[in-house]
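As a plain string of letters, each chain reads:
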Amino acid sequence: METTNLRECRILLGSMNPSMKVEFGSMIFSIENSPWNLEFRDPHVLLGLDPGNEVAWDLVFLDARGFPEWSKVLKNSLKTKDPPALVVLAGEEDLELEREAFRLGASDFAVISKLNVHALERIIRQALFRRQATKEIRERDAELLIQERLAAVGMLASGMAHEIGTPLGVIRGRAEVLMFRNPANEGIRRDLGIIIEQADRISRLMKSLLNLARGDDMKTTGALDLGEVVGDVLGIMSHVLKLEGIELISEIPPSVPLKVHADAEPLHQIILNLVQNALHAIEVAKYSGRTEGHSIRISIREAEPDWCLEVADTGCGMSQEVIRGLFRPFFTTKGIGQGVGLGLSLSLRILESWRGSIHVESQKGKGSVFKVLIPRA
Ligand code: ADP
């Protein structure tokens, strides 16, 4: 758990009053060692706070004397992602103002004429601790929410498994009957064989998803050829990549057995998700004006004791904030109907259950590289 390092905390005094800055500043600096970074600002700059931006300050003192917009600043700041602690300063006792400050979410209220060095030090320390505690509670709540949503997905998946499993069994059965009735027609038998194979693939995938939703470890069926699974995915995706004018570069060592400890269906899903994300990232880059010269490079190389699969794209890339959220369930930047944000978080859980891992490097506006490590068989 993160602990508050008081020395690194940034404190802002938002005041219009020059004598206040002197008075307040000297009080803060006479606190032993003055451990905090104190900045003075005209409080109007705080009105420019963009709710989407991270706030640089840990604690803001808002001087309500002569600054009628203080409540607006307070409301704005609290809407930001990582809000600072806010202490409202008044010139004299004012119960109405005090009540309003707490109602709007201030963490403390202080009367300047009654402040002394010790009281101020205590106010600062408590506001910073309170902020840290609020942050931890918020993170715990977010984690609980994710667990609840995952449980809901698990329930949905088990319902779906039943709904899909029955018609799938019928499709498979009918394909077998047709195969039986057409023993001599090679072409029809081959196509029916493909239908049966794909129906089996769907049921295996449903089973893996159910295991995962229940929190079971994924069982590996043994040695499996990574190159073949990549080949399958490229077979599915090459047509759409060609249509989009995206060059597909495949660097897979020929005639080397690329055996890994994994399970075919989930592995197929992991690679397909990476390629689909790469394609989406390139579409976003195209939309923002970088229309030419796009490629997706898929390579496999040795990385003892694993095989390393790399999927690199020339798409939109990611900000640090997106990279931080990438493997969190339900994290998505895609529009409604385009993504639910489960692809990478599920991939990570599956890979970890195989003792593998996934890593990312990305540059906003340039592209991304995903590296998947899977233990060799
Ligand atoms: P989803 O695709 O449903 O959004 P994922 O877990 O697969 O779920 O991806 C989560 C988010 O990660 C995406 O919404 C996107 O913002 C980001 N992302 C994943 N891959 C890439 C990539 N190759 N380039 C840029 N952003 C990516």
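Residues numbered from 1 in each chain as written. Predicted model: local features only at pLDDT ≥ 70, side-chain atom pairs only at ≥ 80, totals over all residues. Heavy atoms only, no water.

### Quick word on the site of the ligand
Next up, step 1: The full set close to the ligand counts 20 residues, and Thr332, Thr333, Lys334, Gly341 and Leu344 are the nearest of them.
Next up, step 2: At a separation of 3.3 Å, an oxygen atom of the ligand approaches a polar side-chain atom of Asn273.
Next up, step 3: Separating an oxygen atom of the ligand from a side-chain N or O atom of Thr333 is a distance of 2.4 Å.
Next up, step 4: With the chains in place, 94% of the 530 Å² that the ligand exposes on its own is no longer accessible.
Next up, step 5: Ranked by residues supplied to the shell around the ligand, first place goes to helix H7 (residues 264–287) with 4 residues.
Next up, step 6: Residues belonging to the shell around the ligand are distributed by class as follows: 9 nonpolar, 9 polar and 2 charged. (Near = heavy atom within 4 Å. Polar contact = N/O pair within 3.5 Å; in protein donor to acceptor, adjacent residues only side chain to side chain. Areas by Shrake-Rupley, 256 points an atom, 1.4 Å probe, with all protein chains shown as cover. Helix = DSSP H or I, 4+ residues; strand = E, 2+ residues; numbered from the N terminus. Nonpolar A, V, L, I, M, F, W, Y, C, P; charged D, E, K, R; others polar.)

### Points about the pattern of salt bridges
Next up, step 1: The tally for this structure, following the rule as stated, stands at 16 salt bridges.
Next up, step 2: We note a salt bridge from Arg103 to Glu100, for which the minimum N-O separation is 3.0 Å. Of this pair, Arg103 and Glu100 both sit in helix H3 (residues 95–103), 3 residues apart, roughly one helical turn.
Next up, step 3: Here Glu302 makes a salt bridge to Arg376, at a shortest N to O gap of 3.1 Å. (Salt bridge = Lys/Arg side-chain N within 4 Å of Asp/Glu carboxyl O.)

### Points about the sheet that holds strand S9 (residues 295–303)
Next up, step 1: One open sheet accounts for 5 strands, arranged S7-S9-S10-S12-S11; its pairing is mixed. Of all the strands in the sheet, just strand S7 (247–251) and strand S11 (357–363) have a single pairing partner and so form its edges. Each strand axis lies, on average, 15 degrees off the axis of its neighbour in the sheet, ignoring direction.
Next up, step 2: Most of the contacts of helix H6 (residues 226–243) go to S9, to which it runs at about 175 degrees, and overall it touches S7, S9, strand S10 (306–313) and strand S12 (367–375). (Pairing = 2+ DSSP bridges. Axes fitted to C-alpha atoms, helices over the stretch in contact; angles between N-to-C directions. Contact = heavy atoms within 4.5 Å.)

### A few points about the packing of aromatic side chains
Next up, step 1: Here the structure, examined in full by the defined rule, presents 1 aromatic pair.
Next up, step 2: When the ring of Phe24 is compared with that of Phe61, the centres are 4.7 Å apart and the planes differ by 65 degrees; the resulting orientation is edge-to-face. Here the residue Phe24 occupies a position in helix H1 (residues 18–29), and Phe61 occupies one in strand S3 (residues 59–63), the gap between them amounting to 37 residues. Residues Phe24 and Phe61 agree in their burial class; the two are buried. (Phe/Tyr/Trp six-rings, centres within 6.5 Å; stacked < 30°, edge-to-face > 60°. Buried < 20%, exposed > 50% of the residue type's maximum accessible area, 1.4 Å probe, protein only.)

### So, the layout of surface pockets
Next up, step 1: A volume near 830 Å³ is recorded for the second largest pocket.
Next up, step 2: What lines the second largest pocket is a set of 18 residues, among which Lys81, Arg138, Glu139, Ala142 and Arg328 lie closest to the centre.
Next up, step 3: Only helix H4 (117–181) and helix H8 (320–325) provide two or more residues apiece to the lining of the second largest pocket.
Next up, step 4: For the lining of the second largest pocket, the leading source of residues is H4, giving 8 residues.
Next up, step 5: Counted by class, the lining of the second largest pocket contains 6 nonpolar, 1 polar and 11 charged residues. (1 Å grid on protein atoms, 1.4 Å probe; cavity = no way out; pocket = protein on both sides within 12 Å on 5 of 7 lines; lining within 4 Å. Points joined across faces, edges and corners; volume = space filled by probe spheres on them.)

### Digging into the pairing of S12
Next up, step 1: Counting buried positions over the 9 residues of S12 gives 8, a clear majority of the element.
Next up, step 2: Bridge count for S11 against S12 is 7 bridges, and the pairing is antiparallel. Across the sheet, residue Ile358 finds its bridge partner in S12, namely Val372.

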